[in-house]
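Architecture at a glance
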Amino acid sequence: MSPALHRHPRFISLEGGEGAGKSTAINAIREALHARGHEVVLTREPGGTPLAERIRALILTPDEEVAAEPLSAEAELLLVFAARAQHVRQVIQPALRRGCYVLSDRFTDSSYAYQGGGRGLEPEWIADLERRAVGLLPGLTLLLDVDVAVGRARANGRDLWPDRIESEQDDFFQRVRAVFRQRAAQDPARFRLIDASQDQAGVAASVVAAIDAWLAQEHPRD
Ligand code: TMP
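Structure report, in brief. What you are looking at is a predicted structure, and each value in this text was computed from that prediction instead of being measured. (Residues numbered from 1 in each chain as written. Predicted model: local features only at pLDDT ≥ 70, side-chain atom pairs only at ≥ 80, totals over all residues. Heavy atoms only, no water.)

1. Details of the overall build of the protein chain
Helices and strands together make up the secondary structure of the protein chain, namely 9 helices and 5 strands. Sequence-ordered secondary structure for the protein chain, helices as α and strands as β, is β-α-β-α-α-α-β-α-α-β-α-α-β-α. In terms of C-alpha radius of gyration, the protein chain reaches 17 Å, essentially the compact-globule figure of 17 Å for 222 residues. Seen through its C-alpha atoms, the protein chain measures out along the principal axes to roughly 55 × 45 × 30 Å. Taken across its 222 residues, the protein chain has 49% of its residues classed as buried. In the protein chain, the share of contacts with a sequence separation of at least 24, taken over all contacts with a separation of at least 6, comes to 81%. Just so you have it, the protein chain exposes about 10900 Å², and 52% of that area is on carbon and sulfur atoms. (Helix = DSSP H or I, 4+ residues; strand = E, 2+ residues; numbered from the N terminus. Rg over C-alpha atoms; globule rule 2.2 N^0.38 Å. Buried < 20%, exposed > 50% of the residue type's maximum accessible area, 1.4 Å probe, protein only. Contact = heavy atoms within 4.5 Å. Areas by Shrake-Rupley, 256 points an atom, 1.4 Å probe, with all protein chains shown as cover.)

2. With respect to the site of the ligand
Neighbouring residues of the ligand: 14 residues in total, closest Lys22, Arg84, Arg106, Ser111 and Gln115. Between Glu18 and the ligand, the recorded distance is 3.4 Å, taken from a side-chain N or O atom to an oxygen atom. Interatomic distance of 2.6 Å between a side-chain N/O atom of Ser111 and an oxygen atom of the ligand. Coverage of the ligand by the protein chains reaches 91% of its 490 Å² of free accessible surface. Every element with two or more residues in the shell around the ligand is listed here: helix 2 (50-60), helix 4 (73-97) and helix 5 (108-118). It is helix 5 that provides the largest number of residues to the shell around the ligand, a total of 4 residues. Taken together, the residues that form the shell around the ligand break down as 5 nonpolar, 3 polar and 6 charged. (Near = heavy atom within 4 Å. Polar contact = N/O pair within 3.5 Å; in protein donor to acceptor, adjacent residues only side chain to side chain. Nonpolar A, V, L, I, M, F, W, Y, C, P; charged D, E, K, R; others polar.)

3. Things to note about the sheet that holds strand 1 (residues 6-16)
Strands sit in the order 2-3-1-4-5 across an open sheet of 5 strands; the sheet is parallel. Of all the strands in the sheet, just strand 2 (40-44) and strand 5 (191-195) have a single pairing partner and so form its edges. Sheet twist, expressed as the mean angle between neighbouring strand axes with direction ignored, is 25 degrees. Two elements, strand 1 and strand 4 (residues 136-145), share 8 bridges in a ladder whose sense is parallel. Residue pairing in the sheet places Ile12 in a bridge with Leu140 of strand 4. Across the face of the sheet, helix 5 comes into contact with strand 1, strand 4 and strand 5 while running at roughly 40 degrees to strand 1. (Pairing = 2+ DSSP bridges. Axes fitted to C-alpha atoms, helices over the stretch in contact; angles between N-to-C directions.)

Right under this line is the structure:
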């Protein structure tokens, strides 16, 4: 029998395409949780531990020698999961056990969207890795959704040197967005779809409203 996936109500992930405004949203969520008396561990993927951050650099910003070697989609998937396996065991699970909220800038949904949708790898393989190497699902996932052209225009204004994935073409990001939206539609109990075409203040207000509703649902007496 394959291992099970457990949802944790204090584990929150934030997902979205390029230029969706994740940084502003993360800060707004962290402040909202703090203001309501909760301890928050803020982390990100790929990354979150020293080893996982090295893997992140190999994937996104390799040096010249590594960049000269094409990275296969299969190796990319296994690298993001190697990073995640470390991150879950070293950071996320210990923080949840201490009673903290964990807010992760991206988690496994990004692998379904980027390596599944973008690179065309089989979702069944990703699901198997998720069960065996991760075993954990966020209780709440906020998906910042924005038209690909709008998101890219924002990201281009900011990134002087796009990383390996940011350098992909629009059709790649259309597939990424489609998978995110499909996953959100299939699991409405976990996902909240946030309209990220709004300005930053609007996105921040929407994510904080979603967090408040989640806290009220999970801890009605707090
Ligand atoms: P970001 O921190 O700016 O969002 O960059 C992380 C990049 O890594 C982004 O392009 C999405 C990509 N990524 C994957 O391709 N697969 C994954 O599983 C994760 C977590 C991120």
